[in-house]
Amino acid sequence: MKKLLVIGTLVAGLGMGSLVAAEAATAPVLMKPKYTYDAKTIIAGAKLFAMHCMVCHSVQFMRYEFLTQDLGMSKADVHKYIMLPTGAGYKANMISAMPVNMASKWFGRPPPDLSQMERYKSQDWIYTYLLSFYQDSKRPSGWNNHVFPNVAMPDVLAPIGGTWSKDGKLLKAGDESQQKFRKQVTDIVAFLRFVSDPSVVQRHEFGPWVLGLFALFTIFAYLLKKAYWKDVK
Ligand code: HEC
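Residues numbered from 1 in each chain as written. Predicted model: local features only at pLDDT ≥ 70, side-chain atom pairs only at ≥ 80, totals over all residues.

Asks: When you look at the packing of helix α7 (residues 123-130) against helix α9 (residues 178-196) in this model, what are you seeing that I'm missing?
Replies: Packing of α7 against α9 brings their axes to within 10 Å, and their N-to-C directions diverge by 145 degrees. Once α7 is placed against α9, the crossing between them reads as right-handed. Each of Gln-123, Ile-126, Tyr-127 and Leu-130 in α7 lies in contact with α9, whose residues at this interface are Val-185, Thr-186, Ile-188, Val-189, Leu-192 and Arg-193. Split into classes, the residues belonging to the contact of α7 with α9 amount to seven nonpolar, two polar and one charged. (Axes fitted to C-alpha atoms, helices over the stretch in contact; angles between N-to-C directions. Helix = DSSP H or I, 4+ residues; strand = E, 2+ residues; numbered from the N terminus. Left-handed = near helix turned anticlockwise from the far one by under 90°. Contact = placed C-beta atoms within 7 Å. Nonpolar A, V, L, I, M, F, W, Y, C, P; charged D, E, K, R; others polar.)

Now the structure itself:
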């Protein structure tokens, strides 16, 4: 009986294993964005985000003034490139002008706030998601997505990145080359990464100083130890 139980468990385990494997095989592999994570990339992403995403999405934990304080953008540039679409105050949070209840009505689901999305889903996921839209006449929006099946968001980047079929054929070219388009998507991802963790740029600046201070302290501690133990020996 015991033997039977063990065999049963083994068979069930194997079955589960192949199920998991089958699921993994059908899920699209996430792509990794390649970029230098610095203020230049993040600012480029912020401009693209304001142009293409803020119509629907907010990043409510981000304030316009942080773009100058943390990234070194000029106030004039923040006004010109980032704030124009919403016309909000400089100290305000980056909230979309579209009321959430209206958006829910139009798209069937509300566009979520993207402040913490990078932490929640990872930058690889967002990058792959933005590059995985395809045309689908069965969906109310006319769009579908390989990593987010039956998504309510339309492919807002199609005019620049092109319109694709489910099996990866280019149906209508966009305004940008694929290389430039991928670079722009990468910039948006860098901005969303920054929004999820805005102190990261300052931390990278402070990091070497803090390590230097530790090194200096180690030398002092060593000299102090030597001075104390001189008399003990
Ligand atoms: C026309 C409105 C609209 C625009 C513009 C738009 N989105 Fe969306 N987005 C949505 C909606 C609606 C959803 C919710 C999808 C769902 O739940 O099915 C969504 C979902 C998302 C998600 C997935 C969130 C999750 O729950 O996993 C991400 C990431 C995202 N959008 C990023 C972007 C980025 C980046 C841009 C700019 C390039 C953008 N969106 C532009 C409407 C929009």
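Additional details are given in the paragraphs that follow.
Asks: Looking at this structure, how should I read unusual backbone geometry?
Replies: The general pattern is negative phi for most residues beyond glycine and trans for most peptide bonds. Here the phi dihedral of Ser-122 falls at roughly 85 degrees; this positive angle occurs in a residue that is not glycine. Mapped onto the fold, Ser-122 is located in the loop between α6 (117-121) and α7. With a phi close to 60 degrees, Asn-150 is a non-glycine residue in the positive phi region. Locating Asn-150 in the fold gives a position in the loop between β4 (143-145) and α8 (158-161).

Asks: How should the site of the ligand be read in this particular structure?
Replies: Surveying the vicinity of the ligand reveals 22 residues, the closest of which are Cys-53, Cys-56, Pro-111, Ala-152 and Met-153. In terms of residues, the shell around the ligand owes the most to one element, α7, which gives three residues. (Near = placed C-beta within 6 Å.)

Asks: Would you explain helix α10 (residues 200-232) in this entry?
Replies: Think of an α-helix as turning once every 3.6 residues; residues three or four places apart then point the same way. Counted at 1.5 Å a residue, the expected span for α10 with its 33 residues is 48 Å, and the 46 Å between its end C-alpha atoms agrees. Approximately 35 degrees is the largest bend angle found in α10, and it occurs at Phe-206, with the proline Pro-208 only one to four residues beyond. Along α10, only zero of the 33 residues are buried, which leaves the element largely exposed. (Expected span 1.5 Å × (residues − 1). Bend = angle between axes of the 7 residues up to and from the residue. Buried ≥ 20, exposed ≤ 12 C-beta atoms within 10 Å, placed from the backbone.)

Asks: Help me out: how do you make sense of the nonpolar core in this one?
Replies: For soluble globular proteins, nonpolar side chains are generally found buried alongside one another. Ala-46, Leu-130, Phe-191 and Leu-192 are the most contacted members of the largest nonpolar core, which has 34 residues in total. At the level of secondary structure, the elements contributing two or more residues to this core comprise α2 (39-52), β1 (59-63), α3 (64-69), α4 (75-83), α7 and α9. By residue number, the principal contributor to this core is α9, which donates eight residues. (Core = buried A, V, L, I, M, F, W, Y, C linked by C-beta atoms within 7 Å.)

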